[in-house]
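Results of the structural survey
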Amino acid sequence: MNYLNLSKPIFLFMLFSFFINCSKEEQIKKTEILPTTLKVQTYANLSAPQSGGQGQPVAGSFTKFCFSKNEIVTDDSWDIAFRGTTILVNGGTAIGIADEPTRTGSGGVSTVDGIFTEVATAESLIFKQDGTSEALYAIPIGSGKGWYTYNSTTNIISPTPGKVYVVKTHDGKYAKMEIISYYKDAPATPDVTSLSRYFTFRFVYQPSGTGLN
């Protein structure tokens, strides 16, 4: 009788442990099959000042941005860099412009015509780098040629609709970016009083794989 009394608690404990382990295994399986949801992030008012312009030599430090950190950086971990209307990528070779940051990465950019939310993957895209014979700038500059259009009547720079930039980062990851505004606080209808050279853009960063949604 003593043996039976002792074995009953042991049996119940083993049964309880079995259900706990099964429950943990079931939770692990559920976690494994859940899809990873990538976050759409917005960076507002990235300052991209320059000196010169309007016929004078352009100069000034570029503002360097890292997608994985979602912040401005001063080291070599940058992915793209801004100065005025010029955007550089951390990949390729020097273009030969003043105060150009040193490229240490393997980054590139693919321009996709489409809707930001519908650009779903970086797979099979062709990525351009700065300083190549194919394109001096991976993100072309000039009104109507690249990311913006300049209205000479209103003197307003507007991001070109339907342009999504898939960026291969300095360390071989991926992000997609859409430029929202070139003016501070992203006014819906900027005018001559709006402060320019302040980029607002939204992006999705992919730390693993090529999916962008």
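The structure reproduced in this document is the subject of the present report. (Residues numbered from 1 in each chain as written. Predicted model: local features only at pLDDT ≥ 70, side-chain atom pairs only at ≥ 80, totals over all residues. Heavy atoms only, no water.)

**A look at the pairing of strand S7 (residues 86-89)**
We count it as follows: The classification of residues rests on relative accessible area computed with a 1.4 Å probe and restricted to protein chains. Under 20% of the type maximum is buried, over 50% is exposed, and intermediate values are partly exposed. Numbering of helices and strands runs from the N terminus, with a helix taken as a DSSP run of H or I at least four residues long and a strand as a DSSP run of E at least two residues long. By definition, two strands form a pair when at least two bridges between them are found by DSSP.
Of the two faces of S7, the one carrying Thr86 and Leu88 and the one carrying Ile87 and Val89 are both buried. Where strand S6 (residues 80-83) and S7 come together, four bridges link them in antiparallel fashion. Among the inter-strand pairings, Phe82 is bridged to a residue of S7, identified as Ile87.

**Focus on the layout of surface pockets**
Cut-off, in case you're wondering: Using protein atoms alone on a 1 Å grid, points that fit a 1.4 Å probe yet trap it form a cavity, whereas open point sets bounded by protein on both sides within 12 Å along at least five of seven lines form a pocket; residues with an atom within 4 Å of a point count as lining. Grid points are joined across faces, edges and corners, and a volume is the space filled by probe spheres set on the points. Gly counts as polar in this scheme, as do all residues outside two lists: the nonpolar Ala, Val, Leu, Ile, Met, Phe, Trp, Tyr, Cys and Pro, and the charged Asp, Glu, Lys and Arg.
Approximately 450 Å³ is the volume found for the largest pocket. Taken together, 22 residues line the largest pocket, and the ones lying closest to its centre are Thr85, Ile157, Tyr182, Ser196 and Arg197. Elements represented by at least two residues in the lining of the largest pocket include exactly strand S2 (51-53), strand S9 (148-151), strand S10 (156-159), strand S12 (174-183) and strand S13 (196-206). Of the residues belonging to the lining of the largest pocket, the class tally is eight nonpolar, 11 polar and three charged.

**Here we look at unusual backbone geometry**
We note that Asp99 has phi near 60°; this positive angle belongs to a residue other than glycine. Owing to a relative accessible area of 45%, Asp99 belongs among the partly exposed residues under this scheme. Unlike most non-glycine residues, Asp185 shows phi in positive territory, near 70°. Examined against the element boundaries, Asp185 turns out to sit in the loop between S12 and S13.

**A word on the sheet that holds strand S1 (residues 40-47)**
Worth spelling out the cut-off: Helix axes use the C-alpha atoms of the stretch in contact, all axes being lines fitted to C-alpha atoms, and the angles between their N-to-C directions lie in the range 0 to 180 degrees.
Taken in spatial order, the five strands make up an open sheet running S1-S13-S12-S11-S8, and their pairing is antiparallel. Both edges of this open sheet fall to S1 and strand S8 (108-113), since each of them pairs with a single strand only. In this sheet, neighbouring strand axes are inclined to one another by 30° on average, regardless of whether the strands run parallel or antiparallel. One ladder, built from eight bridges, connects S12 with S13; its direction is antiparallel. The residue bridging Ile179 from the neighbouring strand is Phe201, located in S13.

**Describing the sheet that holds S7**
Spatial ordering of the open sheet is given by S5-S4-S6-S7, a layout of four strands whose pairing is antiparallel. At either margin of the open sheet sits one strand with a lone partner, and together these are strand S5 (71-73) and S7. Within the sheet, the average angular offset between the axes of one strand and its neighbour, ignoring direction, is 35°. Where strand S4 (residues 63-66) lies against S5, three bridges are found, and the strand directions are antiparallel. If you follow Cys66 over to S5, its bridge partner there is Glu71.

**Thoughts on the pairing of strand S3 (residues 56-59)**
Bridge analysis of S2 against S3 gives two bridges, and the strand direction is antiparallel. Among the inter-strand pairings, Gly53 is bridged to a residue of S3, identified as Gln56. Between S2 and S3, which pair antiparallel one after the other, the connecting turn spans two residues, and Gln54 there sits at a positive phi close to 55°.

**Digging into the environment of Trp78**
The test is simple: Two residues qualify as a contact provided that any one of their heavy atoms is within 4.5 Å of a heavy atom in the partner residue. Contacts described as polar in this section are N or O atom pairs within 3.5 Å, which, within protein, must combine one atom able to donate a hydrogen with one able to accept it, while residues neighboring in sequence count only if both atoms come from side chains.
Tracing the sequence through the fold places Trp78 in the loop between S5 and S6. Spatially, the C-alpha atom of Trp78 lies 4.6 Å from that of Cys66, the residues being 12 residues apart in sequence. Among all residues touching Trp78, those that are not within four sequence positions of it are Lys64, Phe65, Val73, Leu88, Val89, Asn90, Pro101, Thr102, Arg103 and His170. Separated by 3.5 Å, the side chain of Trp78 and the backbone oxygen of Thr102 make a polar contact.

**Let's talk about the packing of aromatic side chains**
The line we're drawing: In this analysis, rings of Phe, Tyr and Trp, with Trp reduced to its six-membered ring, are considered paired at centre separations within 6.5 Å, and the interplanar angle assigns stacked below 30 degrees, edge-to-face beyond 60, and tilted for intermediate values. Remark: a charge is flagged as sitting over a ring if the NZ atom of Lys or the CZ atom of Arg is within 6 Å of the ring centre and within 35 degrees of the ring normal.
As enumerated under the stated definition, the model contains 15 aromatic pairs in all. Between the aromatic rings of Phe127 and Tyr174, the centroid separation amounts to 5.7 Å while the plane-to-plane angle is 40°, which identifies the pairing as tilted. Taken together, the residues Phe127 in the loop between S8 and S9 and Tyr174 in strand S12 connect sequence positions 47 residues apart. You can call Tyr174 buried: its relative accessible area is 16%. Between Trp147 and Phe199, the aromatic rings sit 5.2 Å apart at their centres with planes inclined by 55°, giving tilted as the arrangement. Placement of the pair is Trp147 in the loop between S8 and S9 and Phe199 in strand S13, with a sequence separation of 52 residues. Here Trp147 matches Phe199 in class, with each residue buried. Among the aromatic residues, those joined into a cluster by ring pairs are Tyr43, Phe65, Phe67, Phe82, Trp147, Tyr148, Tyr182, Tyr183, Phe199, Phe201 and Phe203. The ring of Phe116 carries the charged tip of Lys176 above its face, separated from the ring centre by 4.6 Å. Between the NZ or CZ atom of Lys184 and the centre of the ring of Tyr198, over which it lies, the distance is 5.4 Å.

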